[in-house]
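Here is what each chain is made of, one letter per residue.
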Amino acid sequence: MIDHISVHVSDLDRSIAFYAAALAPLGYVVVMEFPGAAGLGVAGKPDLWLGKSEKIAPQHVAFRAERAQVGAFYDAAIAAGGKDNGKPGIREHYHPTYYGAFVIDPDGHNIEAVCHDPPVAAKKAAAKKAPAKKAAKKAPAKKAAAKKAPAKKAAAKKAPAKKAPAKKAPAKKAAAKKAAAKKA
């Protein structure tokens, strides 16, 4: 699990304003500020750090979001000065329910909000079907377990019969000792 990530920016104040606005729909706020750096996060814990730097190498940072938040992120980021890099929508080439939006920040970083869950309507339909399927699947498993139980008991009864030859082994040793005594 990633605890935090740092993104180098050329103008810290401009980037703080952009990220605070773009990530507000996801619950992000500026949590900490230091000379040359700022931490944004949710619930008082910064997990995105912006750091002033002379050298900027474009990065891709994706934030997990609910489906409705993806569109809100996109709109807020564009309003804050971001450039469109992919409107909210399904990206089936990643997987069938990948719903994301992409924006280029003021320093050229590709910022994304993504939801991996299926649409709410599909979730509700799956939830309605799931209990019936689970109940149907569990019932045969219980019957199968009940059928197997007598077999386990039978195996347990047979086990002592297998141990019986081990008891005969001392008798064979006694017979061997008697035969050796006769020879002597």
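Report on the accompanying structure. (Residues numbered from 1 in each chain as written. Predicted model: local features only at pLDDT ≥ 70, side-chain atom pairs only at ≥ 80, totals over all residues. Heavy atoms only, no water.)

Focus: the overall build of the protein chain
Secondary structure summary: the protein chain contains three helices and eight strands in total. Tracing the protein chain from N to C terminus, the helices and strands come up as β-α-β-β-β-β-α-β-β-β-α. Taking as baseline every contact in the protein chain between residues at least 6 positions apart, the subset at least 24 positions apart corresponds to 52%. Carbon together with sulfur atoms contributes 62% to the accessible area of the protein chain, which is approximately 12,400 Å² in total. (Helix = DSSP H or I, 4+ residues; strand = E, 2+ residues; numbered from the N terminus. Contact = heavy atoms within 4.5 Å. Areas by Shrake-Rupley, 256 points an atom, 1.4 Å probe, with all protein chains shown as cover.)

Concerning the packing of helix H1 (residues 12–23) against helix H2 (residues 67–79)
In the contact formed by H1 and H2, the axes pass within 7 Å of each other and the chain directions differ by 150°. Taken together, the axes of H1 and H2 are roughly antiparallel relative to one another. The two elements H1 and H2 meet at a crossing, and its hand is right-handed. Taking contact as the criterion, the partners of Phe18, Ala21, Ala22 and Leu23 in H1 are, on H2, Phe73, Ala76 and Ala77. Considered class by class, the residues forming the contact of H1 with H2 number seven nonpolar, no polar and no charged. (Axes fitted to C-alpha atoms, helices over the stretch in contact; angles between N-to-C directions. Parallel < 35°, antiparallel > 145°, perpendicular 65-115°, else oblique. Left-handed = near helix turned anticlockwise from the far one by under 90°. Nonpolar A, V, L, I, M, F, W, Y, C, P; charged D, E, K, R; others polar.)

As for the sheet that holds strand S4 (residues 45–52)
Within the open sheet, the four strands sit side by side as S1-S4-S3-S2. Their pairing is mixed. A strand with exactly one partner marks an edge of an open sheet, and here the two such strands are strand S1 (5–9) and strand S2 (29–34). In this sheet, neighbouring strand axes are inclined to one another by 25° on average, regardless of whether the strands run parallel or antiparallel. Taken together, the five bridges between S1 and S4 define a ladder with parallel strand orientation. Bridge assignment links Val7 to a residue of S4, and that residue is Leu50. On the sheet, H1 packs against S1, S2, strand S3 (37–42) and S4 and is oriented at approximately 150° with respect to S4. (Pairing = 2+ DSSP bridges.)

Structural notes on the sheet that holds strand S6 (residues 83–90)
In space, the four strands of this open sheet follow the order S5-S8-S7-S6, with mixed pairing throughout. Each of the sheet's edge strands pairs with one partner strand only, and the pair in question is strand S5 (60–64) and S6. Sheet twist, expressed as the average angle between the axes of neighbouring strands with direction ignored, equals 15°. Note: strand S7 (residues 99–104) against strand S8 (residues 110–115), six bridges, orientation antiparallel. Of the residues in S8, the one forming a bridge with Phe102 is Glu112. Lying over the sheet, H2 contacts S6, S7 and S8, oriented at roughly 15° with respect to S7.

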